[in-house]
Amino acid sequence: MKMLQSKIKNLKDLVKFSKKFLGLISINNQGSKIKDTAIVIGLTGPLGVGKTTFVRNLLKFLRIKQKIQSPSFLIIKSYEIDQIPLTHNTKYLMHRAYHIDAYRLNKSNELLVLGVKKIISNPNHIVLVEWADKVKKIMPKNTFWLNLEFGPKKNERKIKLSHSN
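Residue positions are counted from 1 within each chain, in the order its sequence is given. Two thresholds apply to this predicted model, a pLDDT of at least 70 for residue-level local features and 80 or more for giving and counting side-chain atom pairs, whereas whole-chain, interface and lining totals are computed over all residues. Side-chain measures were taken over the full set of non-hydrogen atoms in the model, leaving aside hydrogen atoms and water.

Topic: the overall build of the protein chain
Right, so step 1: We count a stretch as a helix when DSSP gives it H or I for four or more residues in a row; a strand needs E for two or more, and each element gets its number in order from the N terminus. In terms of regular secondary structure, the protein chain is built from 4 helices and 7 strands.
Right, so step 2: The linear arrangement of helices and strands in the protein chain, starting from the amino end, is β-α-β-α-β-β-α-α-β-β-β.
Right, so step 3: Burial status follows relative accessibility: with a 1.4 Å probe on protein chains alone, a residue under 20% of its type maximum counts as buried, one over 50% as exposed, and anything between as partly exposed. The buried share of the protein chain, taken over its 165 residues, is 47%.
Right, so step 4: Contacts between residues were defined by any pair of non-hydrogen atoms, one from each residue, lying within 4.5 Å. Within the protein chain, contacts between residues at least 6 apart in sequence are counted, and of these 68% link residues at least 24 apart.

Here's the deal with the pairing of strand 5 (residues 125–130)
Right, so step 1: Burial runs high along strand 5: 6 of the 6 residues are buried.
Right, so step 2: Every second residue of strand 5 is oriented toward a common face, with H125, V127 and V129 on one face and I126, L128 and E130 on the other, all of them buried.
Right, so step 3: By definition, two strands form a pair when at least two bridges between them are found by DSSP. The pairing of strand 2 (residues 39–44) with strand 5 spans 5 bridges and is classified as parallel. Residue pairing in the sheet places L43 in a bridge with E130 of strand 5.

Re the environment of K60
Right, so step 1: Along the polypeptide, K60 turns up in helix 2 (residues 51–61).
Right, so step 2: You can call K60 exposed: its relative accessible area is 52%.

Observations concerning the pairing of strand 7 (residues 157–163)
Right, so step 1: Residues R157, I159, L161 and H163 point to one face of strand 7 and are all buried, whereas K158, K160 and S162, pointing to the other face, are not buried.
Right, so step 2: Note that strand 6 (residues 144–150) and strand 7 share 7 bridges and pair antiparallel. Note that in strand 7 the partner of E149 across the bridge is K158.
Right, so step 3: Taking the residues that link successive antiparallel strands as the turn, the strand 6-strand 7 hairpin has 6 residues.

Considerations on the confidence of the model for the protein chain
Right, so step 1: Of the residues in the protein chain, 84% reach a pLDDT of 70 or more, and the chain-wide mean stands at 83.
Right, so step 2: Confidence scores labelled pLDDT are given residue by residue by the predictor and lie between 0 and 100. Element-level pLDDT for the protein chain is lowest in helix 1 (residues 11–29), with a mean of 76, against a maximum mean of 95 in strand 2.

Here's the deal with the pattern of salt bridges
Right, so step 1: Here, a salt bridge means any Lys or Arg side-chain nitrogen found within 4 Å of an Asp or Glu carboxyl oxygen. Summed over all chains, the structure comprises 2 salt bridges.
Right, so step 2: Where R96 meets E80, a salt bridge forms, and the shortest distance between an N and an O atom there is 3.9 Å. Of this pair, R96 sits in strand 4 (residues 93–101) while E80 is found in strand 3 (residues 76–85), placing the two residues 16 residues apart along the sequence.
Right, so step 3: The exposure class of R96 is partly exposed, given its relative accessible area of 24%.

Let's talk about helix 2
For an α-helix the count is 3.6 residues per turn, leaving residues at separations of three or four pointing the same way.
Right, so step 1: Of the residues making up helix 2, those classed as buried are K51, T52, F54, V55, N57, L58 and L59.
Right, so step 2: A positive backbone phi angle near 65° is found at R63, which sits one or two residues after helix 2.

Some thoughts on the packing of aromatic side chains
Right, so step 1: We call Phe, Tyr and Trp rings a pair once their centres come within 6.5 Å, taking the six-membered ring for Trp, and we label the pair stacked below 30 degrees between planes, edge-to-face above 60, and tilted otherwise. In the structure shown here, the tally under the stated rule is 5 aromatic pairs.
Right, so step 2: Ring geometry for F17 and F21: centres 6.3 Å apart, planes at 25°, overall stacked. Placement of both F17 and F21 in helix 1 is noted, with a separation of 4 residues, approximately one turn of the helix.
Right, so step 3: Note on F17: relative accessible area 7%, which makes it buried.
Right, so step 4: Consider the rings of F17 and F54, whose centres lie 6.2 Å apart with planes at 50°: the pair is tilted. Here F17, found in helix 1, pairs with F54, found in helix 2; they are 37 residues apart in sequence, far enough to count as distant.
Right, so step 5: Through pairs of rings, three or more aromatic residues link up here, namely F17, F21, F54 and F144.

As structure tokens, then:
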């Protein structure tokens, strides 16, 4: 996958995009070398653009029942996932989701102290990093980069997805 662009008109469209995205990363992972590491999604974009809303929707599709809040002050929040495959035709199972908010960090190394290397190295994890551009130095090469921008109208968003493995 090189680059995918999408236009979101409202919150309902963002929910649909989150579900479509989950299927897209699942398909992209089949037969890929990245199964020896976590699925890592780096979210970028300005404050209030919808990064946390995207994460909430994605985690709901992974059947996480807990209330999902931005881990701004905790930095990392983890959720247990029922052992479900990302799609019905793959055996790739997810056991834990990590939601990381790097907004308050000044350096990439601050995230390393919290054990992110170990989290990312586990192929049964999905890791969503808000403000990933602040910790780009430690993001793995196989990161799915999702950039959200404000659109011309009030509720519109522009989304760019890129990935290289």
